[in-house]
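# Coordinates in review
Next come the chains, spelled out residue by residue.
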Amino acid sequence: MIGKYRYGIYFYAIENSLKSIAVVLVLVLLSMSCKRPEEEKPIPVLDEHTLNRRVDGNAVDPLLKQVYVPIYSDIYNQTRDSRTLLTATLSIRNTSLKDSLFISKIDYYNTGGDLVRSYIDQTIYLRPMESIDYVIEQQDNSGGSGANFIIDWYAKRPLNPLFQAVMVGGLGAQAFSFTTEGVNIEGE
């Protein structure tokens, strides 16, 4: 009987010790996971299609380049009569660490080649490593499956900016996305 009593006390002591250790570990982990608030700088969000940095004058650089970016504001689904509307985002990215990218035209055309809208009326510029986005809302079906952007741009030094479009949509419970790349138009 004394042997059973000793083992009972021994297991009781171990069980209480394990509980105490678990509580201490939980408290240590909780205190370590709590971050002290640091001074956070607000991140400016560019939520409009315009920049307040316009270029003075109407001079167009002789090194003007033109880019065609395909946009799919809708795609065919199962038949030619069934379409799925998409949200499309045009992204223009200045990839230079040192030089500005000047943009003199951002025009959106529909499948029939008709101008739907012009996004800028005066040359703007993107600072080094800056980007700007233009969104074609899902319910905007003015472009169609063959919509596109024509972008005129130039720089003071050779640059390699990135012109992309991202399309997002869904069919039932499944969502999908895909991208297109801008293509330089030569000789225009």
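Computed from a prediction, not measured in an experiment: that's the story for all the values here. (Residues numbered from 1 in each chain as written. Predicted model: local features only at pLDDT ≥ 70, side-chain atom pairs only at ≥ 80, totals over all residues. Heavy atoms only, no water.)

Let us now look at the pairing of strand β1 (residues 65-70). Of the pairings in the sheet, the one linking β1 to strand β9 (residues 148-154) comprises six bridges and is antiparallel in character. Residue pairing in the sheet places Tyr68 in a bridge with Ile150 of β9. As paired elements, β1 and strand β12 (residues 183-185) share three bridges and run antiparallel to each other. Residue Gln66 lies in a different strand from β12, and its bridge partner there is Ile185. (Pairing = 2+ DSSP bridges. Helix = DSSP H or I, 4+ residues; strand = E, 2+ residues; numbered from the N terminus.)

Two side chains that carry opposite charge are able to pair once their charged atoms sit near each other. Overall, the coordinates contain five salt bridges when judged by the stated rule. Close ionic contact of Arg83 with Asp74 constitutes a salt bridge, the shortest N to O distance being 2.9 Å. Residue class for Asp74 comes out buried when judged on its relative accessible area of 3%. Across the salt bridge formed by Arg157 and Asp99, the nearest N and O atoms sit 3.0 Å from each other. Linking Arg157 in the loop between β9 and β10 (162-171) with Asp99 in the loop between β4 (87-93) and β5 (101-109), this pair joins segments that are 58 residues apart in sequence. Arg157 gets classed as exposed once you look at its relative accessible area, which sits at 52%. (Salt bridge = Lys/Arg side-chain N within 4 Å of Asp/Glu carboxyl O. Buried < 20%, exposed > 50% of the residue type's maximum accessible area, 1.4 Å probe, protein only.)

Bringing the packing of aromatic side chains into the picture now. The description of two aromatic rings rests on the distance between their centres and on the angle between their planes. For the structure shown, the criterion picks out seven aromatic pairs. Residues Tyr108 and Phe149 carry aromatic rings whose centres are separated by 5.0 Å and whose planes lie at 35° to one another, so their mutual orientation is tilted. Highlighted residues: Tyr108 in strand β5 and Phe149 in strand β9, separated in sequence by 41 residues. Each of the two residues, Tyr108 as well as Phe149, counts as buried. Seen from their ring centres, Tyr119 and Phe149 are 5.7 Å apart, and the 40° between their planes marks the pair as tilted. (Phe/Tyr/Trp six-rings, centres within 6.5 Å; stacked < 30°, edge-to-face > 60°.)

Here we take up the pairing of strand β3 (residues 79-85). Sheet topology places strand β2 (residues 74-77) next to β3; four bridges connect them, and they run antiparallel. Note that in β3 the partner of Asn77 across the bridge is Thr79. Taking the residues that link successive antiparallel strands as the turn, the β2-β3 hairpin has one residue, and the phi of Gln78 there is positive, at about 75°.

Here we come to the environment of Ile92. By the secondary structure assignment, Ile92 is in strand β4. On the basis of relative accessible area, Ile92 is assigned to the buried category, the value being 0%. Setting aside residues up to four positions removed in sequence, Ile92 forms contacts with Leu101, Ile103, Ile106, Leu126, Glu130, Ser131, Ile132, Tyr134, Ile151, Leu162 and Phe163. (Contact = heavy atoms within 4.5 Å.)

Right, let's talk about the nonpolar core for a bit. Formed by 27 residues in total, the largest nonpolar core has its most connected members in Ile92, Ile103, Ile106, Tyr134, Phe149 and Ile151. When contributions to this core are tallied by element, the ones reaching two or more residues are β1, β4, β5, β7 (124-126), β8 (131-136), β9 and β10. The element best represented in this core is β5, accounting for four residues. Apart from residues lying up to four places away in sequence, Ile151 is in contact with Lys65, Gln66, Val67, Val69, Leu90, Ile92, Ile103, Lys105, Ile106 and Phe163. (Core = buried A, V, L, I, M, F, W, Y, C linked by side-chain atoms within 4.5 Å.)

A separate point is the sheet that holds strand β11 (residues 174-181). Taken together, four strands build an open sheet; the order of strands is β8-β4-β10-β11 and the sheet is antiparallel. The open sheet terminates on both sides in strands that have one partner only, identified here as β8 and β11. Each adjacent strand pair in this sheet contributes to an overall mean axis angle of 20°, direction not counted. The pairing of β4 with β10 spans seven bridges and is antiparallel. Considered in β10, the bridge of Leu90 is made with Ala165. (Axes fitted to C-alpha atoms, helices over the stretch in contact; angles between N-to-C directions.)

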